[in-house]
Each structure stands twice: as structure tokens, then as C-alpha cells.
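Structural characterization, general
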Amino acid sequence: MNTQTDAAPDRRAALWSGRFADKPDEAAVQFETSIYADERLAFDDIAGSKAHAAMLGSAGIIPQAEADALVGALAAIEAELRAGTLALDPGAEDIHSFVENELTARLGDTGRKLHTGRSRNDQIALDERLYLRRAVPEFQRKLLALVGTLAGIAEAHTGTLLPGYTHLQHAQPVTLAHHLCAWAWMLARDHGRFSDALARISLSPLGAGALAGTTLPLDREAVAAALGFAGVTPNSLDAVADRDYCVELAAGFSLVMAHLSRFCEEIILWSTEEFGFVALSEKWSTGSSIMPQKKNPDFAELIRGRAGRVYGDLLALLTMLKGLPLSYNRDLQEDKASLFDAYDTAASSVSVFAEMLKTAEWNAGRMAVSCAGGYANATDVAEYLVRKGVPFRTAHAVSARLVRYAIEKKCAIEALTLAELRQHSELFAGDIFAQLESRACVEARSLAGGPAESQTRAQIRDLKAFCAARGAT
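Keep in mind that what you see is a predicted model, and the values were worked out from it rather than measured.

1. Digging into the overall build of the protein
When you go through the protein residue by residue, the secondary structure sums to 21 helices and 6 strands. For a compact globule of 473 residues, the expected C-alpha radius of gyration is about 23 Å, and the protein comes in at 31 Å, more than 25% above that figure. The C-alpha extent of the protein, read off along each of the three principal axes, is 110 × 55 × 40 Å. Looking at the protein as a whole, 48% of its 473 residues qualify as buried.

2. Here's the deal with the pairing of strand β2 (residues 169-175)
Sheet faces and side chains relate simply in a regular strand, where the side chains alternate between the two faces. In this structure, strand β1 (residues 161-166) lies alongside β2, joined through 6 bridges in antiparallel fashion. Note that in β2 the partner of Gly164 across the bridge is Gln172. Where β1 folds back on β2, the antiparallel hairpin that results is connected by 2 residues, among which His167 adopts a positive phi of roughly 55°.

3. Topic: helix α12 (residues 244-270)
Here α12 is 27 residues long and its end C-alpha atoms lie 39 Å apart, about the 39 Å a rise of 1.5 Å per residue gives. With 19 of 27 residues buried, α12 lies mostly within the body of the structure.

4. Here's the deal with the state of the cysteines
The final tally for this structure, using the stated rule, is 0 disulfides. The thiol sulfur of Cys264 is not disulfide-bonded, and the nearest other cysteine sulfur, from Cys181, lies at 18 Å. Here Cys441 stays free of any disulfide, with the sulfur of Cys371 as its closest cysteine sulfur at 9.3 Å. Residue Cys441 is classed as buried on the basis of its relative accessible area, which comes to 1%.

5. Thoughts on unusual backbone geometry
Here Leu326 and Ser327 are connected by a cis peptide whose omega angle stands at 5°. By the element assignment, Ser327 lies in the loop between α13 (298-321) and α14 (335-358). One non-glycine residue, Tyr375, lies in the positive phi region at around 55°. As for its placement among the helices and strands, Tyr375 is situated in the loop between α15 (364-371) and α16 (378-387). Tyr375 sits in the partly exposed class, given a relative accessible area of 23%.

Cut-offs used in this document
- Residues numbered from 1 in each chain as written.
- Predicted model: local features only at pLDDT ≥ 70, side-chain atom pairs only at ≥ 80, totals over all residues.
- Heavy atoms only, no water.
- Helix = DSSP H or I, 4+ residues; strand = E, 2+ residues; numbered from the N terminus.
- Rg over C-alpha atoms; globule rule 2.2 N^0.38 Å.
- Buried < 20%, exposed > 50% of the residue type's maximum accessible area, 1.4 Å probe, protein only.
- Pairing = 2+ DSSP bridges.
- Expected span 1.5 Å × (residues − 1).
- Disulfide = S-S within 2.5 Å.

Next comes the structure, spelled out in C-alpha cells:
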């Protein structure tokens, strides 16, 4: 009699429990379990197991009938999980243990053959890559939606004047469209970073085993092809020992959060009474428990604050890796909580930010009035003289003296008379005044990438084409 088959399986037994006479202490079990972090990998674990089981049969390592039974039972477990008729066991050590124990409860010894030629070390590396190949494109779609939202708002504001700033001081006039396009291009680059990372993830680690492969004739390439990978990892030690792809993606999420945080800082400033450039919808604002008049930009503040949380996830991953010798160490189990938190936080922030912007109202009049202050047309004065043949450094000095003169008179440069301008340079003529208007300053900057309306519209077309080429609607 096959006592292994007949004995009732312990669904909570660790996959390594045969080595030990004593069961681990309950506190130890709770400390080491990762089921709460890796439960989202359930369907990826099943997908990898189905491909592995099919390969075991086609390679003749186990009978084909048993391979078919494994694939069928795994499909049933997946269907029951999706339907909610089967629940994950919180007492399982990890997602691999849950799936294999459930399989063994249904198939007996046949279920015990699933792990042939496989280690949890290469299994988790596979599961993570499968999950990321599903999840990261979804995140990219959120980014594309935000880029499209920014491009759409920009298209409606190509003529809306806005002060451009350096050091948070008035610098040169631009447009709201030009400013929004700047943020959109940052997010477009973020999208590209994730595409680069996905290309590096697209290698299957299955077959690397614990660290040195196996003596069994596994067909690694067949499994990789079945799962849609571009190939297999070239080194078994590296395949199970590194989590650089987790770090790379966490860095990508951190950059997204850095860009959102900076934009949120501007939204927070611009929504103040002092600026008054934008009014956020009441749907994306909160009030005060004591001051009835308050309308606070809390969602922008929360996104700004959560950037630090994602940075912490990145630092946790880097710190986890920094002292690990090859190959696998249990420290690597800690990668999932940080990676998943970075993903979830960044994904929700992108979605909320997009909705917040869609409902915002922009005060074009307030922005245009603000352009008139701060002597933002001083560079145009210098460049006017440059076109008359004056060396730039000399022209810069003339413009600087005019600014100082206007400050003393408490007026704008364009409010000075032509006679006053000519006191500083006889090259000034009557045509200077039209060139000092904010809109003229913007339109004169028509180089590629500049704020002139023709160039901004070209950027908007390019941004929309960027989104369309990547499947955004």
C-alpha cells in the first residue's frame, strides 16, 4: 500500500518539513510566512506550474497522463480561485506551498510530482516576472492616460499666458500649454523606462533550480516559449540570486512619484489666494474641521507625501540586496512587500492625479496679469539690442540697468518712454514696445521646443502620437 498516497495530506505542511522532526513554533511560522505579500502571485504561480507540468510530460520526465492531470487540476484550482469558491489558506507558508498542497490533496502522489526539477528559488523569480509582465503594462496605460490628459488640457490653452519661473522667481513668459507639455514629456520618458525594464525581465529563470540547475532533462526553452518569454536566463546563480529588476522598477516608480510630487507642489502653490492660477474641483479637495471657509488641496498634498513612501520602498530593496552573497538568501523574500507597495502607491497616485487635473479650472486672466510683473521681458530687451549688433554681454548690462531704473521708478520696462530707453542705448527705437508685450515675447520664441504657439501645438501632436503609438485611446 502506498502510505504517502493514502495518508491525509497536511495542507499547511512546509514543503521542506520532511527534514525536521519537530514542527516549527507557531510564532516562527507567522514570522516567516509570505502568503500575505505574495497572494497576488497566485495566478502567475499557477501559470508557471502549468507550463512546467506540461514540459515534464512532453520531456518524458513524468508520464504524459500525469502531466495532463496536473495541468487539469491546476486549471481547476485557478477557476475556483477566480470564482471565489476556493480561498487562499492564510496558514500556508507561501503561495507555492498553498498551490502545491492543494494540488496534492486532489491528486495524491501525482501532485507531489509537480515540483520535479524545480525549486522555490527559481519558482518565485518566475512568478515575479510573470506578474510584472502583467502589472507594469497596466501601470504604463495609466501613465499614457495622464499624458493624454495633459496634452488635451494643453491643447485648450496654447494661448494662455503663464509666467515661467526659475528659482520660483519670474523668468520669462510662456504659456500654460508649454508648461503642461513639460510635465507630459517627463511622464513619457517614465513610460519608456518601464518598457526598457520589461525587456530585461523577459527571460525565464525556471530551470535554474535552487542555484545550479538540475540533472533532469528539463526543456527550459519550451517553458520560456510557452510563457511568452524571449529566452532563458543565462546563469543559474544569477537567475535566483538577484532582484535588480525589482530595484529598477522601484526606481522607475520613484521617478514617477518625483515628477508627480513636483507637479503637485505647483498645483498647491497655484491654488492659493496669492497665485490663484487654478481652482481644484470640490471633488478633489477637502475642508477644515474648524475653519469653514477652507478648501484644501489635500489630494495633491497626499501624492506629494506618498512620494517619500515609494522612495522608502526603493531604499528597502537596495538595502536588502547590498550584503547578500551568492546565491539565494531568505532576505530576498522581503522584496515583494516593497515592490508591491511601490507599485500600488504609484499607480493610485497617477490615477488620482489625472482625475484631479481633468476637473481643475484654470484662471487665464490671473496668469496673464502675473506675466506683466517681475520684468520677465528683460531678456527680450537684451536680445533686441543683440539683433542691432550689440555684443550680448553688453546688451545684458544695458537691460540690467534698465531694470534697475524701472524698479526705482516703480514701473515696468514697457512703461518707460522711448527717450528714457535711449538714455541707456541710442539703438532703441519705437518698435521695441510691441516686442515687450508678453504674448510677443512668447511668439518670438519659435525655436523647436519653444513656447510659441506653433511649437507648442507641434509638441501636443507629438505627445498624442506617442500615446496613440502605444495603444492609448
